Amino acid sequence: MPRAYTRLVKKLTVENLWLYIVKILLDEGKPLKAYDVKVRLRERFGIDPPAVTVYTVIYRMSRDGILARRQEGEETVYSVTERGVDAFRKALLFLEEVVSKLKI
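In this report, the structure presented in the accompanying data block is examined. (Residues numbered from 1 in each chain as written. Predicted model: local features only at pLDDT ≥ 70, side-chain atom pairs only at ≥ 80, totals over all residues. Heavy atoms only, no water.)

### A few points about a nonpolar patch on the surface
Together, M1, Y5, L8, V9, L12, L92, F94, L95, V98 and L102 make up an exposed nonpolar region whose accessible area comes to about 970 Å². Among the elements of the structure, helix 1 (3-12) and helix 5 (82-102) are those that each provide at least two residues to the nonpolar patch. For the nonpolar patch, the element with the most residues is helix 5, which contributes 5 residues. Position of L102 relative to the elements: it lies in helix 5. (Patch = residues over 30% accessible without salt bridge, like charges linked within 9 Å, V, L, I, M, F, W, Y side chains within 5 Å. Areas by Shrake-Rupley, 256 points an atom, 1.4 Å probe, with all protein chains shown as cover. Salt bridge = Lys/Arg side-chain N within 4 Å of Asp/Glu carboxyl O. Helix = DSSP H or I, 4+ residues; strand = E, 2+ residues; numbered from the N terminus.)

### Focus on the nonpolar core
I21, I58 and L67 are the most contacted members of the largest nonpolar core, which has 23 residues in total. If you list the elements that add at least two residues to this core, you get helix 2 (17-28), helix 3 (34-45), helix 4 (51-63), strand 2 (75-80) and helix 5. The dominant element in this core, judged by the number of residues it contributes, is helix 2, at 7 residues. Not counting the four nearest positions on each side in its chain, L67 is found in contact with I21, L25, I58, M61, S62, Y78, S79, V80 and T81. (Core = buried A, V, L, I, M, F, W, Y, C linked by side-chain atoms within 4.5 Å. Buried < 20%, exposed > 50% of the residue type's maximum accessible area, 1.4 Å probe, protein only. Contact = heavy atoms within 4.5 Å.)

### Digging into helix 3
Over its 12 residues, helix 3 runs 16 Å from end to end, which matches the ideal 16 Å to within 8%, given 1.5 Å per residue. The complete set of buried residues in helix 3 reads A34, V37, K38, V39, R40 and L41. Its buried side turned inward, helix 3 meets helix 2, helix 4 and strand 2. Positive phi shows up at G46, right after helix 3, with a value of about 70°. (Expected span 1.5 Å × (residues − 1).)

### Here we look at the pairing of strand 2
Every other side chain in a regular strand lies on the same face of the sheet, so the side chains alternate between the two faces. As paired elements, strand 1 (residues 67-72) and strand 2 share 6 bridges and run antiparallel to each other. Counted as the bridge partner of L67 is V80 from strand 2. (Pairing = 2+ DSSP bridges.)

Now the structure itself:
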């Protein structure tokens, strides 16, 4: 595969994990631990970034108000906020516009 394609795949997966994380949490319909999100990234999307990457992205998403963080006993779980849903919808619209402009 050309390097350009490999870079594109990385940019649209690992470098934009937040999209996949929001989708997972929305589809699950319940808060999840960061570890469970990492497992689902691999199972559902074939993305297997290092655990530290997933934890860092989730932390940043929480700090930015895209995810809400809550303690359930000794576990920390995350859910999508309204701000996160709005950002996700805007991102999907943007991606759809880009793809429609690039179609041959």
